[in-house]
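Given next are the chains, with one letter for each unit.
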Amino acid sequence: MSEIAGPAAAALASLCPNDLIFLQALPKAELHAHLNGSIPIRTILELAQQYSPSTAAQTTEVADTLEKLRSGVVFNQIDDFFSLMPAIYALTSTPEAVTTVTRAVLQSFLNPTGDGAESPQCTYLELRTTPRATTHMTRERYLTIVLDEIEMYPAIQAALIVSVDRRMSDLDLEECVSLAIEMKNRGRRVVGVDVCGDPRRGNMQSFTRHLSRVKGAGLGLTVHIAECTENTTEDSLALLSCRPDRLGHATFLSDELKAVFFEDVSQSGTECGSLFECATGTTNPYTTAGWTFQNLKEAKVQMSFLAYAKKFYEKIASKDIEENNARANRHYKPCIEICLSSNLLGKTAASLDAHHIHYYLKNDHPIVICTDDTLPFRTSCLGEYSLLLAQPPLGLGLSRGDVARVARMGLDAAFLRPCD
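First, a word on what this report is: a plain description of the structure on this page. (Residues numbered from 1 in each chain as written. Predicted model: local features only at pLDDT ≥ 70, side-chain atom pairs only at ≥ 80, totals over all residues. Heavy atoms only, no water.)

## Thoughts on the pairing of strand E6 (residues 246–249)
Here is step 1: Sheet topology places strand E5 (residues 220–225) next to E6; four bridges connect them, and they run parallel. What sits directly across from Ile225, in E6, is His249.
Here is step 2: One crossover worth recording links E5 to the parallel E6 by way of helix H11 (residues 233–240), and it is right-handed.
Here is step 3: Pairing analysis gives three bridges linking E6 to strand E7 (residues 335–338), with the strands arranged parallel. Its bridge partner being in E7, Arg246 is matched across the sheet by Cys335. (Pairing = 2+ DSSP bridges. Helix = DSSP H or I, 4+ residues; strand = E, 2+ residues; numbered from the N terminus. Right-handed = clockwise from strand over helix to strand, strands pointing away.)

## Observations regarding the pattern of salt bridges
Here is step 1: Tallied over the entire structure, the rule returns 22 salt bridges.
Here is step 2: Of the charged contacts in the structure, one is a salt bridge between Asp19 and Arg400, with a shortest N-O distance of 2.9 Å. Of the two residues, Asp19 is situated in helix H2 (residues 17–25) and Arg400 in helix H20 (residues 400–412); the sequence distance between them amounts to 381 residues.
Here is step 3: With a relative accessible area of 16%, Asp19 lands in the buried category.
Here is step 4: Across the salt bridge formed by Arg70 and Glu67, the nearest N and O atoms sit 3.5 Å from each other. On the criterion of helical spacing, the pair formed by Arg70 and Glu67 is a turn pair, its members being three residues apart in helix H4 (residues 56–71).
Here is step 5: Relative accessible area serves as the criterion here: at 44%, Arg70 is assigned to the partly exposed category.
Here is step 6: Classification of Glu67 by relative accessible area gives partly exposed; the value is 43%.
Here is step 7: Each of the salt bridges in this network shares a partner with another, and the network as a whole consists of Glu126, Arg128, Asp194, Arg246 and Glu337. (Salt bridge = Lys/Arg side-chain N within 4 Å of Asp/Glu carboxyl O. Buried < 20%, exposed > 50% of the residue type's maximum accessible area, 1.4 Å probe, protein only.)

## Some points on unusual backbone geometry
Here is step 1: The omega torsion across Pro392 and Pro393 is 5°, close enough to zero to call that bond cis.
Here is step 2: Among the structural elements, Pro393 can be located in the loop between helix H19 (381–389) and H20.
Here is step 3: Positive phi is not limited to glycine here, since Asp364 has a value of about 55°.
Here is step 4: By the element assignment, Asp364 lies in the loop between helix H17 (357–362) and strand E8 (367–369).
Here is step 5: Even without being glycine, Arg378 reaches a positive phi, approximately 50°.
Here is step 6: The exposure class of Arg378 is partly exposed, given its relative accessible area of 24%.

## Some details on helix H3 (residues 41–50)
Here is step 1: The complete set of buried residues in H3 reads Ile41, Thr43, Ile44 and Leu47. Buried residues of H3, seen end-on, are gathered within an arc of 160° and therefore sit on one face of the element.
Here is step 2: The secondary structure elements touched by the buried residues of H3 are H4, helix H6 (85–91), helix H7 (95–110) and helix H18 (374–377). (Arc of directions from axis to C-beta. Contact = heavy atoms within 4.5 Å.)

## Some details on the sheet that holds E7
Here is step 1: A sheet is described by the order of its strands in space; here eight strands give the open sequence E1-E2-E3-E4-E5-E6-E7-E8, paired in parallel fashion. Pairing within the sheet leaves two strands with one partner each, and these edge strands are strand E1 (29–34) and E8. Across this sheet, the average inter-strand angle for adjacent strands is 25°, counted without regard to direction.
Here is step 2: Across three bridges, the pairing between E7 and E8 is parallel. Note that in E8 the partner of Ile338 across the bridge is Ile369.
Here is step 3: Its contacts with the sheet place helix H9 (residues 170–185) against strand E3 (158–165) and strand E4 (190–196), and it is angled at close to 165° to E3.
Here is step 4: Taken strand by strand, H20 contacts E1 and E8, and its axis lies near 100° from that of E8. (Axes fitted to C-alpha atoms, helices over the stretch in contact; angles between N-to-C directions.)

## Overview of the nonpolar core
Here is step 1: Counting 106 residues, the largest nonpolar core has Val164, Ile225, Leu247, Leu253, Ile367, Leu388 and Val403 as its most contacted members.
Here is step 2: Aside from chain neighbours lying at most four places away, what touches Val164 is Leu173, Cys176, Val177, Val193, Asp194, Val195, Cys196 and Phe207.
Here is step 3: In terms of nonpolar packing, the next biggest core, distinct from the first, is built from 14 residues, Leu31, Cys335, Val368 and Cys370 among them. (Core = buried A, V, L, I, M, F, W, Y, C linked by side-chain atoms within 4.5 Å.)

## Observations regarding the packing of aromatic side chains
Here is step 1: Under the criterion given, the structure shown has five aromatic pairs.
Here is step 2: Centre to centre, the rings of Phe81 and Phe82 are 5.2 Å apart; their planes meet at 85°, and the pair counts as edge-to-face.
Here is step 3: Exposure remark for Phe81: the relative accessible area of 15% places this residue in the buried category.
Here is step 4: Given a relative accessible area of 22%, Phe82 falls into the partly exposed group.
Here is step 5: When the centroid spacing of 4.8 Å and the interplanar angle of 90° are considered together, the rings of Tyr359 and Tyr360 count as edge-to-face. A single burial state applies to Tyr359 and to Tyr360, both of which are buried.
Here is step 6: Three or more aromatic residues joined by ring pairs form one cluster here, namely Phe75, Phe81, Phe82 and Phe377.
Here is step 7: Positioned above the aromatic ring of Tyr332 is the side chain of Arg243, whose terminal nitrogen or guanidinium carbon lies 4.2 Å from the ring centre. (Phe/Tyr/Trp six-rings, centres within 6.5 Å; stacked < 30°, edge-to-face > 60°. Lys NZ or Arg CZ within 6 Å of the ring centre and 35° of its normal.)

## So, the pairing of E3
Here is step 1: Burial analysis of E3 places eight of its eight residues in the buried class, which makes it a mostly covered element.
Here is step 2: Covered by surrounding structure in E3 are Ala158, Leu160, Val162 and Val164 together with Ala159, Ile161, Ser163 and Asp165, the residues of both alternating faces.
Here is step 3: Sheet topology note: the strand E2 (residues 124–129)/E3 ladder contains five bridges and is parallel. For Thr129, the partnering residue across the bridge sits in E3 and is Val162.

This is the structure:
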């Protein structure tokens, strides 16, 4: 796979032939792949040859972005990633271009790789994309085109997650969620909704009403959460209050939030009767003077966290919200979508040793290994799994048994379960 570079390529090159055969044959689910970030480089270059920009500025922007993608993007800050997208969106603004890139992305994941391996990159793919309205198509038309290509594959191989961007207005958000629900009700292969976009933007509290509709319609819910240090506790709490089925990245999710929401945080010496009791160590926090978070790793907690946690507790305790109440009384272990190369190259993880995957492996918390955006991060499913199996410092040094168990977790976390 000549398009692989960086840490994934180094890990892959270090494996012996038998390890490579093992990884290629391993059934894998790719559950966090963005359509426009996963376009093969040869496809994006072909589209650029056909592109007719309307302004000189667009010509320069596209040319600069293509040069970065050819030579390898250097990520020093989060804007280095998001600055790539306008040019990619410009190249994929017509129905014909959307058909081309969707077909190419599906083939790259689900068809044999062509590098001597008979197995495709993954067994099952949940591709995600944000419906875009351009001068050439509506959001509904965009989704229809993508679904037409996805449904060329059997249901056990491919499905669609409709993404909503954190920067969307309330009206745009409502339209996209409604489209996802309508498509599902028509029998189209929409299996979930994702919250994505610049993690520094948007008020996630205003999203909760729409995300509740997603859950009520029987769609899976995954959210990009705590991607960067600028994400606030309030932001994460608002998203977690919707009880997502999966969490994207969760790189900087705090110990406080893990303690409130996740089953796998130990509360030694405490019998907890509710989520808030597990978090605070008190059965009646609202009448206790000077409430403390005595069972958390960190003693100091922001008052904003307490206020939002109180609101969340009241919400799940309400008899008017039966689903949230029922889910709150069950164990909650949302699968974490882990994107190793994305985190390393994007510098949200300093190294594999410092990566948050260790917490989830240690606590037997479900994870799925994903590529995120293969175009800028120059990786593949095989490359990401190589980072699990390769010996340190190139990889985590997991056993084949542990790697197979992680792969099984991913299959189990799919919104549309692939057949065993």
